[in-house]
Each structure stands twice: as C-alpha cells, then as structure tokens.
Amino acid sequence: MNTETTRREVLKLAGYGSAASLLAPLLSQVAAHAAGDARAARKKVVFVMQCNGMSPAHVLPSGVQRPKSGKWANDKLEEVALKDRTLHAALEPLTPYKDRLALVGGLSGRIALSDHSANHGALGCYPANKGPMAATIDCALGAANPGIFPYVALGMAEKPDQTLNYQLSAAGPGKANPVQCNPELAFKALFGSVTGGNGRAAFDRRTNLLDFMADDVKRARGQLVGDERAKFDQYLEAFENLRDRQVRIDAIAGELKARAPKLDAQFAKPTETNRLEAQFEIAAAALITGLTNTVLLTSGGGGQHFPAFPELGIPVGGHHYGHGGGVPGKTYEECFVAVRQYHCKLIANLAKGLQSVNEGDGTMLDNTVIVYLSDSGDGHHPQLREWPVVLLGDLGGKLKTRGRYLQFPAYEAKAHRTMANLYCTLLHAVGKPTDKFGVPDPGLKEANQSGVVSELLG
Amino acid sequence: MTRAVWLSLLAVTPILAGREPPARVADPDGAPATQFVAAHCVKCHGPDKRAGGVRLDDLPADPTKAPDRWTAVRDQVRDGLMPPAKEPRPDAARARAVVAWVSEKSGGRADKAPNRGNLIPHELLFGKPARAADPPAPRVWRLNPEAYMGFVQGVARGKVNGLVQPFVLVPERGIRDFAGLYAIDEPSTEILIRNAEAIVEVQTAHELKDGKVLAKNGAVREFVALMDPKAEPTAQQLESAVQVQFQMALGRRATADEVERFGALYAKCAKTGDRPGAAKTVLQAVLLKTDALYRSELGKPDGQFGRRTLAATELAVAVSLALGHRRDPALTAAAAKGELTTREHVAAHVRRILADPKADTARLLGFFREFFEYGGAEDVFKDKPKAFVHQPRQLVADTDRLVLYVLAADRDVFRELLTTPKSFVNYATAKNKQKGADEPKPGVVLNPINNKGQSGVESVYGVETWEPVQPVTLPANTRLGILMQPSWLVAWSTNFDNDPVRRGRWVRERLLGGNVPDLPIGVVAQVPDDPHRTFRDRLTVTRAAQCWKCHQRMDELGLPFEQFDHFGRLRTAEPVLDPEATAKNVDKKGKPLGPVYRDAPLVTSGTVADSGDPALDGPVKDARELVTKLANSDRARQVFVRHAFRYYLGRNEALADAKALQDADRAFVESGGSFKALVVSLLTSDSFLYRTAPNPPAGATK
C-alpha cells in the first residue's frame, strides 16, 4: 500500500466517503504505534469560530421554546436530554454525534460587547476593542498542553489574498496570534520542512540560517529602546522559535512525512468553501499527526469580515443578511441556517475523521472536544447576555457533554455563569486548573465569575 | 485653587521640554479646569453618587497625576457627551479651553492609533505661531506591503514565482501605515524566509553544461560564480557577492565585521559539502536583515542639543519610501557620496523625484486614496441595477485619474479637489502600437446582449455620450469635486441606501478635524425600513437625545449628499413606496401587481455646526454649497495638511510637530496650493529629519 496519503484521501478520511475504509489499516497501524506513547492521552481542543453571531434559537432542541420576551429569566439551570429530541435544522449535520453534544445557552460575555465581532474578546473574555489584552483561551490551552506547535490557528478570510487575520487570537498582552488564512501556507508551515524533499543538508543549512539571523537581530536590537526594541524582540523570538521547532519536527520526520496530506490543485482554488475545507483537513492532519493539541478554525470574523458563500447560493457577505437582507430564494434567516449547516457539516466530518483514528482504548475523538461558537456571540449586533456554544466530545471523560441541552441561569440570576467560567472549565479539563480568566464583567454584581462550570466538568 | 496657583502650576511644568512657554491659560475667564469640573461634573461624579463608578471631586489639579481620569473628562467634554443633555450646557469657549488645557498638560503626546490624530485639538497646533521643539524619538518602521514588493523588485530583477505577501496593515479606515503599529512575527518570518529562498533562486539561476556554470536570465554574475559545486570560491569572490547583495538589498556596503560574519556562515554551511547551498544561505540571510525589512530612523548625533540627524543611508530610504515603493537609485548614490547631508540636499532630491515622470511617486496618489477612501466603492455590494451599468472599479479608476489630473496641474490642489466641475467619465487608455502612444477608450463597453436596454457608466455621471477628450466639464450645477464623484458616494453608501452618517463622519474628521466617538457598544444602529418614507425622514431616528449627542456631529454634514442616489446618480426627487397606490394596483381578480412608487420631494439642506471655525458654521442649501465653503476654509485646509503629515511621517502629530505643520501649510498656501510644495516642506521638516537621542536602555546588552 502506498503510504503517502493524498489530499483527497485525507479528505475522505475526514469523513467524505469510502476511502476511510481504505485507509483504516494504515491508521490503525499508526494508532497502534501511538497507543503506547504519551500522545495517546493528550487532550485535544478544537475551536470552530464562525463570524456573524450564532442565533440562540439554533441551539434549542425540539420542544424547547425561547421566552416570548426574548429574555430568559430562569434563576436555575434548565436541562433537557437530547436523546429523544431533534436538533434545529441549522445543526442537523451534527445529529450523528447527538450523544456527544452539549448545546449550551445562557453563558454571558458582555465584557466583550461590540458590534459585528468581539475580536480578541471572544476567546479572551475582555473588551473587544482594546486589542490583544491577554492570551485568548486557544493559546492558553495550547500553552498548557503543547504539541510541537503549541497552537495552530487556521481560517478563512473574506478575500483569498488576505493571508493573516490578527483580530481573533492572542498569545499574550499585545501579542496577536495570527490566523493563517492561506491553506497552502498553512500546510507548508506545518508539514513543509519534511515534505520539501531537500534532505539533511538543507535541514542543516536552515538551522544555521536561523541561528545566524537570531544573532544578527540581537546585534541590531542593541541600538533600540522601549517599544522600538520590542519590535526587534518579536523578530528575534520568531527565529528562535522556528529553530526550536525545527529540531522537534526533525525527531518525528519519518512519521510526519508518511502521513502529511499531499498538496494538489485543490489547495490553490480560491473559493470560500474550498479554502475552508482545506483548512479543516489540514487541522485534522495536524491533530492526527500529533503536531498540535489545540486548533482554532475561523470562518471570517474579527472586525467586519463576513465572507460570502456563493457556492451555497449566498453571493453576499454576512453583513447583508445580518441586517435582515435576503438573497434571491432565501430569507435572511434561511441564509443564516444554510451557512451554519455547512459549517456543521465540516465539524461533523472533522469529528468523523478523528473518530476513525484509534487512540488508547478508544478513538482520537474520545480525547477531543470541539467548541463551536461565534466571535460575535448571539448575533450580528449581539447583546452577549448569552453566548451560544456547541460542545462536541467529552475530552476523555473530563467534560459532561453527553447529549445535553443546558440553559444556564439568566444574566440577572445569582447563579449565572459566563464564558470565562466555561474557559476555566476547559483549562481544568486539560490539567491546568485556572479559576480566573479575562476581565470580570462589571455588570454582574452577584454572579460568581471565577471557577468552573461544575455542571460541565466531569 | 486661585488663579495664581493655577498659573504657577503651568509655569513649573511647561510643555515641550522647556522650549515653549505655556500656550495660554485654560480658561479665558480665569477659572481653572477644576472649577469647570466642579461646576459641571461633580454633581453626579461626587463622593456620594459616583455615577458609572467615576468620582471627580478629588481630581488632582495636575493632569499628569491622574492622566486617565483627566483624559476621560477631556474626551467626554470634547465630544459633547458630558454633561448630559438634561444638565445646563457649559459655555462652548470654556469647554474648548478645558480640552486644550488638558491636552497640553498631559504632554500633548499623540495617540498611536490611526483615526485618533484629531484628539490633539486643532487650536493647539495652529492657534499661534509655533517654535522649534524636541524632535521625535528614534524609531524603526516596518516596510508596508507595497514597499516589500518594491524591495523584492529591487533584489530580484525578474519575476519571482511563488512569492507571498508577508505583511498586512491594520484593518482601519483611512491612513494606516503607522510606524508604531507593526512588527514582524513568526508567521510573517516564515513567509519571509520562504520568499528569500525564492528570490535567491532567481538571483542564482544557472545551468551546468560540460562542467561549466552558465548564468540564466535575471541572475547576478557575482552570485552565479559561487554555484560551481566543485570549486571552492575565493574569499574575494565571496566578499564580492556579499557586497553586491548588501548594495541591492540595503543600499549600503557591508562593514568588515559583517563580511567576516557572513563568511563564517558560509564556512559553517559549506561543511556539508554543498557549496552552492551554502552560498545561497548567505545571500538569503542578507535579505532577512532588519535593515532590509525596516526603515531605520535612528539618526546619528549632530552635536546640537543632543539632537540626532537621520544618517544619509536612512534618509535615502526614508525619502524614497515616503514618495514611492522602491529605493530611488540617485538617492542611494547621493548617500554613498556624502551628498545627502543637508536639508537643501533633501529638498533638491524630493523636487527632482516629484518632477520626474518616470520616478516612483506611487504614494502621491496613495495619500489621496487613503484620505478620501473612494476606493471603498469596490467593496460595497449592490444588486445589479436594470437600467444602467454599475461598475465600481471604473468609477474608482475615473477618480484616480481626476486626482492625478489635479496633481499634474498642481495649482490650488485642495480647492480643486473639492470643487472642480471636471471629471473623467468611463475613461481608459489603450496602447496604440503603431503610433507608440496611449489612446483614449471607454473603460466599460456595453455588450449588446448582456447590457440590452441599459445605459452606460457615463449615465451615472449624468453625461450622455462618451467623450474621447477628457476630463469633461460636467453639466452645470450638478456635481463638484471628489465628494460628488460617484466612487466616493458609493464608497460611503450601504447595500441599498445612501449613508449620510458615515459621509458626515468623514467630513467631520477629515475636513473639520473633529472627533466622533465610536458607536456605543450594544447599540443596534438600524434605520427603520419604512419604504414609504425618504431616507432623510427615516434617519430622524437618530434625533433621540441619546443618539443625537453623537449624531449631531455627523448627520447634518452628510445629508446634503442626498442630492445623489446610492449609486452616485444625481436626482431631483426620491422615489418612495406609495402604499395607497400599491393597494390599488391589483388585477381584475384582486391579485397584487406589485409596488407603486411616487416621487417624494428631495431636501438637500444641511448644517455645519461646532466646526471650530465660526465662518464655516451655519446652514447650507446643498452639497455644492457645503464643499465650496469647506474648500475656502483655512481650517479645512489645515486639517488636510494634518492628514498629509500623518501619511508621510507614519504617525499622528504631536504638539511638538506644530512647527512642521504650520510650515507645511504656509508652503502650501504661498505656493498657490502646490501639493508638491507641501510634500517638500513635510519631508524637510525637523519632524522628518531629526530625532532626539534616546536614553540608554537599562541593562541593554549587545
């Protein structure tokens, strides 16, 4: 059997069809190798962040109605088992994973209140328009549970030539972590050093180059102070990190080379769906090969970036239907549902791909949680009194996500919980107990904004 | 606090490091700013009430001791947000004086972010003749995306395949390439390394034939000499290659120390036996040096007051990249010969480049695109109209040409841009190979099948037939200047409507030097969707008190442009739904036959208020009167100069830049409105040429 996995095969592996069975022997073999090492037990967290808000109605299972006033007033958690319910049409593609889902309503995030996008505040729980004030949860989780790449952020920007999106993720104060929006570059950054075919000499030359450049930047930096010096510090850090990573990738080069997806013409196609599918696929490969344990996948988002999806019959950006505009044949709500359905299909395929890889006593999906949310909370112009979240997977039994719809106490209630509590829960679940995250919401006088969401932590 | 204490406070902490006496006492009545706060703020922000958690009764008289609270007071007062509408209004002059005083006392430092430059009150910069002040601190300025491509063009003469843009600009409105905003992070570094590899492949392109190395097109002779896998290069060959790459990438020679270090890198890489690979690594490293990717503006001591002058090599890059995207060879040569050391040298080169039609002056048009932002027309999605062709790219191209036309004449540029009745209309050129010259042609040609029944792009301008000789003079009393170009009107429109709010905001910020706070969080800005009402009528939703405190700074400045529809077409009435006629529009069986519209009378009036220039304030009957007033306003022209400063110096202006701004404005006026004279003045100002010596870094090591 050809051990080089082609892009299309990996695509199929990630749930697109028959090749999953073709590849199963290879993957089982790989998993058997993996079973004995520490990687098997690593917890994997995937964020899927879609722009333009997530309607709270979309996370309601059949038989549950939103209050007529539009505002929840429950002072206690309300819970419904998903077993005998159907999912909203927007989430329908996730139905096969219903027993692994937690549909979460009622967690607020008003500290990040802003129109169109909470920017870094969505994953950081701090004000939306102050830039990267602190590490966002994807980077915090990645730092706590690092692979060779502590965190991988891949996405799709509004236009194909926008390579990097700096508005959603942050490694620390003032350190925006760009989302790589070009699939080809994403692939090269993750797999390029072992698939380039230049051999040992090229590897050594690159190591020498990185060392030389680090030294050269250090010399130039000596002339600068303060913020100006920090600019060169960042460049220096880049060379040092690349050098460090190069060594670690080298250690698993053989395995990576065998399992990296193969570049083909599909990567170069600029359509929205193609770009996004390629990124999901690269993310799957990065997780499966153990390059990283934390992935952020973004679809638009940050500022006012709402890609159009002409392939789905929606040739206009989300701002248009965010303001109630329809397109021929679709109302604005039908646009929202169609776009969400599409993203749910990608999520389901990703889950299927992870499920097909054995890990420990189960599958890779068993040790994963996919966190699906919007950078704009509950709408195009959100209120953020509730920030709908879909959780898929229980992270090796660390999360209680098995087939539940949970409506947390309303914003005014004493028992109200926030997105910060959810992120603390995730940090606890990956073995980095943290009880405070982001900036507290001053509007919440009584609710406990620190600690975990105990109803979700296993 | 007594007035005497107030004055003495100012006297012991003068602004601008002892060079300037305080501009004036905050309040013409002699009452200090703390009294203003006591009178207008403390009622709600006192020890008991503390509205919004803010207490101001204990505000120290020295703003530097409570900068956050004082800045908050300043911004609220300046933007008219406080005191709230239900409270007595403060006297406008007193309020302005307080704003100015807080800005002065807090050091007059510029905000780093784009679109925040107007936070320094205009009066502090232009209110009285300025004197020289401390130059800014040394800095490095990362290349912008276009300058990076210019750099690539400089080092790889031919086309480089697979090159990816490593740099992006912040997603902000307007002028965005600010030195303080950009560094090079890890993902960008990865792209830079990959690009450097691709560039060096082009530079060293060769083939081996009969054991000989033959250079291919575009390769550099000194580099190809190192590509023989069997021959060990001499030290001289290696140094020569390093020097050539330094000259191409950095515009300077490598120092002896650098030659030695690059030689060591070669030796280390060549150990594996791959000599050509080692040489390529050395060449790549030069392309990744900080001074290849950053504009260095550190300066060298010039012996005056600890001041530093930009070094000649720094000046060569700074001037080149202020005007275009590539290093100007003559500037590089002048720097090497020691002929770029004085203000006059710089002025002569700027004039030379601006006068040379072949020189790279791409950033001239670039400024006007960022200032007016008419290019945004291409990003506004609109349904395809049935009656005419909407082609935003052509509209933008027409406006580009108009700007270049005005710049070519270089007379009265500001006034011309705002009030010229001329326009390019669906204009393009094509090369006539036989004649060897460009010939005019329509930009968008109608396709008889696809465009059946549609009128062409010309109709958007109100012109019936395409003219080969352009610009044309548009029909009288229709439109004037850039703000009535269809491109600008479309750029500041929405999918279905005009956008008088953002048009007004543009005028407030870009021509009046005012500020509008960002949309308060959680506010859903939606104009009611009532098709039977005019947009102006629907927009009255913003007159509610909580909206109007900000919208009063925008709406009335944007409403005169209701003279045009959202495609930029002149109109005399606004079609609105006629509900009664629609109800009656049914067939014999009572089935509706569709909406019926009626023409609602058009109102194009507006008001200029609180502009800072009393001569400007007052009602205007339409957009033409508005732009004509603005075009003749000193304040609007000075605000334009402030924006040019931001663009060419890559930062917001600080109080210390007052002299550079006033000099530039004077040069602009005295030259009869020559934009080139304005640019020469900016690029020879102290703010551009000088830096202040930095304090040595604590514990800095090499």
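Residues numbered from 1 in each chain as written. Chains lettered and ligands numbered in written order. Predicted model: local features only at pLDDT ≥ 70, side-chain atom pairs only at ≥ 80, totals over all residues.

Some points on the overall build of chain B
The line we're drawing: Numbering of helices and strands runs from the N terminus, with a helix taken as a DSSP run of H or I at least four residues long and a strand as a DSSP run of E at least two residues long.
Each helix and strand counted, chain B has 30 helices and 15 strands in total. With the principal axes as the frame, chain B shows a C-alpha extent of 90 × 80 × 45 Å.

Re the sheet that holds strand β6 (residues 307–309) of chain B
Residue and element names in this part refer to chain B. Rule in force here: Only strands that DSSP links by at least two bridges are regarded as paired with each other.
The antiparallel open sheet is built from three strands, whose spatial order is β5-β6-β15. Both outer strands of the open sheet, β5 (300–301) and β15 (690–692), are each paired with one neighbouring strand and no more. Strand direction decides the pairing type here: β6 and β15, joined by three bridges, are antiparallel. Considered in β15, the bridge of R307 is made with T692.

Remarks on the interface of chain A and chain B
Rule in force here: Each residue is represented by a C-beta atom placed from its backbone, and any two residues with such atoms within 7 Å are regarded as in contact. Residues are grouped as follows: Ala, Val, Leu, Ile, Met, Phe, Trp, Tyr, Cys and Pro are nonpolar; Asp, Glu, Lys and Arg are charged; all remaining types, including Gly, are polar.
Facing the 43 residues of chain A at the interface are 43 residues of chain B. Contributions of two or more residues to the side of chain A that touches chain B are made by β6 (175–180), α5 (183–195), α6 (199–221) and α7 (226–251) of chain A. For the side of chain A that touches chain B, the per-class residue count stands at 19 nonpolar, 15 polar and nine charged.

Here's the deal with the pairing of strand β1 (residues 139–142) of chain B
Residues and elements named next belong to chain B. Applied cut-off: Exposure classification rests on a simple neighbour count of other C-beta atoms within 10 Å of a residue's own: a residue reaching 20 or more is buried, one at 12 or fewer is exposed, and one in between is partly exposed. C-beta atoms are placed from the backbone.
Going residue by residue along β1, you find R139 and W141 tucked away on one face and V140 and R142 tucked away on the opposite face as well. As defined by bridge partners, β1 adjoins strand β4 (residues 294–297) across four bridges and the pair is classed as antiparallel. Looking at β4, one finds that W141 is bridged to R295.

Points about the packing of helix α3 (residues 67–78) of chain B against helix α4 (residues 92–105) of chain B
Residue and element names in this part refer to chain B. Going by this rule: To obtain each axis, a line is fitted to C-alpha atoms, and for helices this fit is confined to the stretch in contact; angles are then taken between N-to-C directions over 0 to 180 degrees. Handedness of each helix crossing follows the sense of rotation of the near helix against the far helix: counterclockwise by less than a right angle gives left-handed, clockwise gives right-handed.
Between α3 and α4, whose axes approach to 9 Å, the crossing angle comes to 145°. Crossing of α3 against α4: the hand is left-handed. Here α3 contributes W70, T71, V73, R74, V77 and R78 to the contact with α4, which in turn contributes A95, V98, V99, V102 and S103. Class assignment for the residues of the contact of α3 with α4 results in seven nonpolar, two polar and two charged.

Brief notes about helix α4 (residues 137–144) of chain A
For α4(A), a buried count of six out of eight residues is recorded, marking the element as mostly surrounded by other parts of the structure. Among all positions of α4(A), only I137(A), D138(A), C139(A), A140(A), L141(A) and G142(A) are buried.

Here's the deal with the packing of helix α9 (residues 235–250) of chain B against helix α10 (residues 256–270) of chain B
Residue and element names in this part refer to chain B. We apply this condition: Should an angle lie under 35 degrees it is considered roughly parallel, over 145 roughly antiparallel, and from 65 to 115 roughly perpendicular; all remaining angles are considered oblique.
As a packed pair, α9 and α10 sit with axes 10 Å apart at the nearest point and diverge in direction by 115°. If you check the angle between α9 and α10, you find them roughly perpendicular. Seen from above, α9 lies across α10 with right-handed handedness. Of the residues in α10, those in contact with L238, E239 and V242 of α9 are V259, F262, G263 and Y266. Broken down by class, the residue content of the contact of α9 with α10 amounts to five nonpolar, one polar and one charged.

Concerning helix α16 (residues 362–372) of chain B
Residues and elements named next belong to chain B. In plain terms, the rule: What the arc measures is the spread of directions leading from the helix axis to the C-beta atoms.
Buried within α16 are the following residues: R363, F368, F371 and F372. Seen end-on, α16 carries its buried residues on one side only, within an arc spanning 170°. In this fold, the buried residues of α16 make contact with α13 (312–323), α17 (392–409), α20 (486–491), α21 (500–511) and α27 (634–649). Backbone geometry just after α16 places E373 at a positive phi near 60°.

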